[in-house]
Amino acid sequence: MKTISTGKIHSLESFGTVDGPGIRFVVFFQGCPLRCQYCHNPDTWEISSKPKYLYEPDALLKEVLRYKSFLSKGGVTATGGEPLLQPDFVRDFFTLCRKEGLHTALDTSGYLLSDKIKEVLDVTDLVLLDIKATDPDLHKTLTGVAKDNPVKFLNYLEETGKPTWIRHVIVPGLTDNDEQLEALAQFLQPYKVIEKIELLPYHRMGIHKYEQLGIPYPLAGLDPLSKERLDHAREIFKRYSFTIQ
Ligand code: SF4
């Protein structure tokens, strides 16, 4: 008898407009192996903490289908946290979504890759891959983990021809310098699967969650990225012929 997977879900958003194309039903998963200094969802980090919601795939699909008429040009996005900590559930949920004709997008750090995760990618239409930094030391400082796994993940997406959008957060004093931005653009340029780059300005919107959780905020005192610096970063990437958002 097939075991039914159960998803530990942090929250649901029925009309998401920033996590993939069109209007999307966004599922925030509980649990993440990274600890990005700028993370605005620290309340998703612990998978062992009591999740707000436990869903079986067909029950979550039922929630999605209440909004199906709005999702025809959009679809469903799994984000977090790190959805790939729960590959069985994401695979089963995406499989059901696709049977309903819904586009599936996966937002991931690319830190995990296994045979089960490859099964998730088989039923994923679009990957939103967060690339944190190209410099190994900076990557470790920013996220707490080495940069090798996301590179292997991107290589797998390239091998399998999976449509990919890259997301990169620009943080003043860390990733906001021309050398880092040029290095990232040069690193990404050979990958044919990359359809778009989303450059995301560092902001401070998650700070109150750190206070609520009693966790020191690593970037206390840092100002958000200015519009001028964001525009400047966009110009750098445009020189490499990327489509920028
Ligand atoms: S990968 Fe995402 S959820 Fe995990 S710590 Fe980094 S920003 Fe937060």
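Scroll up for the structure.
Report on the accompanying structure.

So, how was this worked out
Residues numbered from 1 in each chain as written. Predicted model: local features only at pLDDT ≥ 70, side-chain atom pairs only at ≥ 80, totals over all residues. Heavy atoms only, no water. Buried < 20%, exposed > 50% of the residue type's maximum accessible area, 1.4 Å probe, protein only. Helix = DSSP H or I, 4+ residues; strand = E, 2+ residues; numbered from the N terminus. Arc of directions from axis to C-beta. Contact = heavy atoms within 4.5 Å. Phe/Tyr/Trp six-rings, centres within 6.5 Å; stacked < 30°, edge-to-face > 60°. Lys NZ or Arg CZ within 6 Å of the ring centre and 35° of its normal. Near = heavy atom within 4 Å. Nonpolar A, V, L, I, M, F, W, Y, C, P; charged D, E, K, R; others polar. Pairing = 2+ DSSP bridges. Right-handed = clockwise from strand over helix to strand, strands pointing away. Axes fitted to C-alpha atoms, helices over the stretch in contact; angles between N-to-C directions. Parallel < 35°, antiparallel > 145°, perpendicular 65-115°, else oblique. Left-handed = near helix turned anticlockwise from the far one by under 90°.

With that settled, consider helix 3 (residues 115-122). An α-helical turn contains 3.6 residues, so any two residues separated by three or four positions project in the same direction. Three or more residues of helix 3 are buried, namely Ile117, Val120 and Leu121. The buried residues of helix 3 all sit within an arc of 100° when viewed along its axis, so they share a single face. Residues of helix 3 that are exposed and point over 90 degrees away from its buried face: Asp115 and Asp122. Residues of helix 3 that are buried in the fold lie against helix 2 (87-99), strand 5 (103-108), strand 6 (126-130) and helix 5 (148-160).

What follows deals with the packing of aromatic side chains. All chains considered together, the criterion is met by 11 aromatic pairs. On the basis of an interplanar angle of 35° and a centroid distance of 6.1 Å, the ring pair of Tyr53 and Tyr55 is categorised as tilted. A centroid spacing of 6.1 Å and a plane angle of 40° characterise the contact between Phe93 and Phe94, whose relative ring orientation is tilted. The two residues Phe93 and Phe94 agree in class, both being buried. Taken together, the ring pairs in this structure connect Phe15, Phe25, Tyr67 and Phe70 into an aromatic cluster. Positioned above the aromatic ring of Phe187, the side-chain terminus of Lys147 is 5.8 Å from the ring centre. One residue, Lys196, lies across the ring of Trp165, its end atom 3.9 Å from the ring centre.

So, on to the site of the ligand. Around the ligand sit Cys32, Leu34, Arg35, Cys36, Cys39, Trp45, Gly81 and Lys132, and those are all the residues in its vicinity. Of the residues assigned to the shell around the ligand, the class counts are 5 nonpolar, 1 polar and 2 charged.

Further remarks concern the pairing of strand 8 (residues 194-201). Taken together, the 7 bridges between strand 7 (residues 164-170) and strand 8 define a ladder with parallel strand orientation. Each residue of the ladder has a partner; that of Arg167, found in strand 8, is Glu198. The parallel pair strand 7 and strand 8, bridged by helix 6 (residues 178-188), forms a crossover whose chirality is right-handed.

What follows covers the packing of helix 1 (residues 57-65) against helix 2. In the contact formed by helix 1 and helix 2, the axes pass within 9 Å of each other and the chain directions differ by 45°. Compared by their axis directions, helix 1 and helix 2 come out oblique. The element helix 1 and its partner helix 2 pack so that their crossing is right-handed. From helix 1, Pro57, Asp58, Leu60, Leu61 and Val64 reach across to helix 2, where they touch Phe89, Asp92, Phe93, Leu96 and Cys97. Along the lines of polarity and charge, the residues of the contact of helix 1 with helix 2 split into 8 nonpolar, no polar and 2 charged.

The 8 strands are arranged 3-1-2-4-5-6-7-8 in an open sheet whose pairing can be described as mixed. Of all strands in the sheet, those bounded by a partner on one side alone are strand 3 (53-55) and strand 8. Each strand axis lies, on average, 30° off the axis of its neighbour in the sheet, ignoring direction. Strand direction decides the pairing type here: strand 2 (residues 24-29) and strand 4 (residues 75-79), joined by 5 bridges, are parallel. If you follow Phe28 over to strand 4, its bridge partner there is Thr79. Contacts between helix 5 and the sheet are confined to strand 5, strand 6 and strand 7, with strand 6 contributing the most and set at about 155° to the helix. The strands touched by helix 8 (residues 227-238) are strand 7 and strand 8; relative to strand 8, the strand with the most contacts, the crossing angle is about 160°.

None of this, on its own, says anything about what the molecule does.
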